[in-house]
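Each chain is listed here by its residues.
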Amino acid sequence: MALISRNLTTATAGMLPIYASELFPTFLRSTGIGICSTASRLGSTLTPQSLYTLNHIWEPLPETLYGVLMLIAVALILFLPETFNRSMPRTLDDIDKMVEKSRDEETTPLLIENKTD
């Protein structure tokens, strides 16, 4: 289980700059990627200390906490807009349009029946 978790975390860290660069507009892209990278590195710095500390409170607490945090992250990712086959945003208005378009696509049915009567 620990090996699977570590590999998934590594894969996620590799995808972070790619997906983040597609979400942020041009003038905020470098700042946004820097903030995401800093948060990622801060988490990886604090993990060993929290593992040691939480292990003394209750032995399964670190794994439980990390599992819950991963599930929360997965739930939050579902709210991010789809970026496949779309141009990268240049302004904040482009982001609003991208989010609006993503919401419209969620309400459209995936399979549309053609009636040729």
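Residues numbered from 1 in each chain as written. Predicted model: local features only at pLDDT ≥ 70, side-chain atom pairs only at ≥ 80, totals over all residues. Heavy atoms only, no water.

Visitor: Where do I start with the overall build of the protein chain in this structure?
Guide: Looking only at helices and strands, one finds four helices and zero strands in the protein chain. Burial statistics for the protein chain: of 117 residues in total, 12% are counted as buried. Restricting to contacts in the protein chain with at least 6 residues of sequence separation, those with at least 24 account for 50%. Accessible surface computed for the protein chain: about 10,000 Å², of which carbon and sulfur atoms make up 66%. (Helix = DSSP H or I, 4+ residues; strand = E, 2+ residues; numbered from the N terminus. Buried < 20%, exposed > 50% of the residue type's maximum accessible area, 1.4 Å probe, protein only. Contact = heavy atoms within 4.5 Å. Areas by Shrake-Rupley, 256 points an atom, 1.4 Å probe, with all protein chains shown as cover.)

Visitor: Is there a simple way to explain the side chain of Arg29 in this structure?
Guide: Within the element layout of this structure, Arg29 appears in helix α2 (residues 29-57). Here Arg29 occupies a buried position and makes no salt bridge, while the nearest side chain of opposite charge, Asp94, is found at 8.1 Å. Among the polar contacts listed, one links the side chain of Arg29 to the backbone oxygen of Ser21, at a separation of 2.9 Å. Setting aside anything within four residues of it in sequence, one finds Arg29 in contact with Ser21, Phe24, Met88 and Pro89. (Lys, Arg positive; Asp, Glu negative; His and termini not counted. Salt bridge = Lys/Arg side-chain N within 4 Å of Asp/Glu carboxyl O. Polar contact = N/O pair within 3.5 Å; in protein donor to acceptor, adjacent residues only side chain to side chain.)

Visitor: Would you take a moment to explain α2 for this structure?
Guide: Because each turn of an α-helix spans 3.6 residues, side chains separated by three or four positions end up pointing in the same direction. The terminal C-alpha atoms of α2 lie 41 Å apart, and with 29 residues this matches the ideal 42 Å at 1.5 Å per residue to within 8%. At Thr47, α2 shows its largest bend, some 35°, and a proline, Pro48, comes one to four positions later. Arg29, Gly32 and Leu54 are the residues of α2 that are buried. (Expected span 1.5 Å × (residues − 1). Bend = angle between axes of the 7 residues up to and from the residue.)

Visitor: When you look at the packing of α2 against helix α3 (residues 61-77) in this model, what are you seeing that I'm missing?
Guide: Between two packed helices, both the angle of their axes relative to each other and the distance between the axes serve to describe the pair. It is the contact of α2 with α3, at a shortest axis distance of 8 Å, that shows an interaxial angle of 125°. Considering the angle they form, α2 stands oblique to α3. Within the contact between the two elements, α2 uses Thr47, Ser50, Leu51, Leu54, Asn55 and Ile57 and α3 uses Leu61, Pro62, Leu65 and Tyr66. Taken together, the residues of the contact of α2 with α3 sort by class into seven nonpolar, three polar and no charged. (Axes fitted to C-alpha atoms, helices over the stretch in contact; angles between N-to-C directions. Parallel < 35°, antiparallel > 145°, perpendicular 65-115°, else oblique. Nonpolar A, V, L, I, M, F, W, Y, C, P; charged D, E, K, R; others polar.)

Visitor: Explain a negative patch on the surface to me, please; I cannot follow it from the model alone.
Guide: Side chains of Asp93, Asp96, Glu100 and Asp104 sit close together on the surface and give a patch of like negative charge. Residue placement: Glu100 occurs in helix α4 (residues 92-107). (Patch = residues over 30% accessible without salt bridge, like charges linked within 9 Å, V, L, I, M, F, W, Y side chains within 5 Å. Charge placed at Lys NZ, Arg CZ, Asp CG, Glu CD.)

Visitor: Looking at this structure, how should I read the UniProt feature "transmembrane region" (unreviewed entry) in the protein chain?
Guide: Sites flagged by UniProt as "transmembrane region" (unreviewed entry) map to residues 64-80. Helix makes up 82% of residues 64-80 and strand 0%, and the two end C-alpha atoms of the span are 25 Å apart. (UniProt positions renumbered as here; feature names shortened; annotations may be inferred.)

Visitor: What is the right way to look at the layout of surface pockets in this model?
Guide: Gaps left between atoms show up when a probe the size of a water molecule is rolled over them. Taken as a whole, the largest pocket holds about 2,100 Å³ of empty space. Considering the residues around the largest pocket, the lining is formed by 42 residues, among which Leu8, Thr9, Thr12, Met70 and Ala73 are closest to the centre. Looking at the lining of the largest pocket, the elements that each hand over two or more residues are α1 (2-23), α2, α3 and α4. If you tally residues by element for the lining of the largest pocket, the top one is α1, at 14 residues. (1 Å grid on protein atoms, 1.4 Å probe; cavity = no way out; pocket = protein on both sides within 12 Å on 5 of 7 lines; lining within 4 Å. Points joined across faces, edges and corners; volume = space filled by probe spheres on them.)

Visitor: Quick question: what am I supposed to make of the environment of Pro81 here?
Guide: Position of Pro81 among the secondary structure elements: in the loop between α3 and α4. The buried category is assigned to Pro81, whose relative accessible area is 11%. The residues contacting Pro81, other than those within four sequence positions of it, are Tyr19, Leu23, Met98, Val99 and Ser102.

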